[in-house]
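Residue-level listing of the chains:
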Amino acid sequence: MPITVRAVGGGVACGFRRSTTGGTLTTIELEALRSMHGAFLTARYEWHSAIALWDRLDVARDLADLRTTERPPFRYYGEAVHEIASGASDYERHTALIAWGYAASTAVLGITVLERVAHAKPPLAAAAVEGLCQEPSLGQLREALSVPAADFLPARERRFGDDREEMTERWSQLRDGVDTAIRPLWQA
């Protein structure tokens, strides 16, 4: 479904073309979605960085364990690596939990707004949008993810025979194009 974007009363409104005026994306919803998306991406990138750091230090810790000497006064390398790796492990877990919270919040907000726009319901109040930006409970997340996706798709009559014939024709054209392209190689 194509989305339209237009200026409305000093803000921006987006909506599905086939919806009525009640089914537009309000400025507060758009800004909340942008902010949550940015927060999630930042948390995810930091989590991936933390994973890479933890992986590198885990290998260094294994190497330090192999290098450990039997003499107690000279275990500084291993001790340093173990202390740093412990902090990296805590950081990885911390960033994972933050990324999870923003992912869940973004999903609930996005699904709720999409459902509202697709069904041309009235805009969400600022307090409701703010509430959706908070980390949801597992029940709220499950409820949001249970929304039937078919409700968001445009109604269209399925014609399996026509789709199959069209796909067969496209594959035939592709195959003929490949045959034409490699024909000079056969002749060489």
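Before reading further, recall that the structure is shown in the block above.
Residues numbered from 1 in each chain as written. Predicted model: local features only at pLDDT ≥ 70, side-chain atom pairs only at ≥ 80, totals over all residues. Heavy atoms only, no water.

Enquirer: So what's going on with the overall build of the protein chain? Which residues, and what values?
Expert: For the protein chain, the helix and strand inventory stands at 5 helices and 3 strands. Here the contacts in the protein chain between residues at least 6 apart in sequence split such that 64% fall between residues at least 24 apart. With an accessible surface of roughly 13,200 Å², the protein chain has 59% of that area assigned to carbon and sulfur atoms. (Helix = DSSP H or I, 4+ residues; strand = E, 2+ residues; numbered from the N terminus. Contact = heavy atoms within 4.5 Å. Areas by Shrake-Rupley, 256 points an atom, 1.4 Å probe, with all protein chains shown as cover.)

Enquirer: Got a sec to walk through the packing of helix H1 (residues 27-67) against helix H2 (residues 76-118)? Specific residues and values, please.
Expert: How two helices sit against one another is set out by the angle between their axes and by the gap between those axes. Between H1 and H2, whose axes approach to 7 Å, the crossing angle comes to 155°. Relative to H2, H1 is oriented roughly antiparallel. Crossing angle aside, the handedness with which H1 passes H2 is left-handed. Grouping the constituent residues of the contact of H1 with H2 by class yields 27 nonpolar, 8 polar and 8 charged. (Axes fitted to C-alpha atoms, helices over the stretch in contact; angles between N-to-C directions. Parallel < 35°, antiparallel > 145°, perpendicular 65-115°, else oblique. Left-handed = near helix turned anticlockwise from the far one by under 90°. Nonpolar A, V, L, I, M, F, W, Y, C, P; charged D, E, K, R; others polar.)

Enquirer: Mind laying out unusual backbone geometry, listing which residues take part and the relevant values?
Expert: The phi dihedral of Ala-120 is positive, around 55°, even though this residue is not glycine. Examined against the element boundaries, Ala-120 turns out to sit in the loop between H2 and helix H3 (126-132). The exposure class of Ala-120 is partly exposed, given its relative accessible area of 28%. (Buried < 20%, exposed > 50% of the residue type's maximum accessible area, 1.4 Å probe, protein only.)

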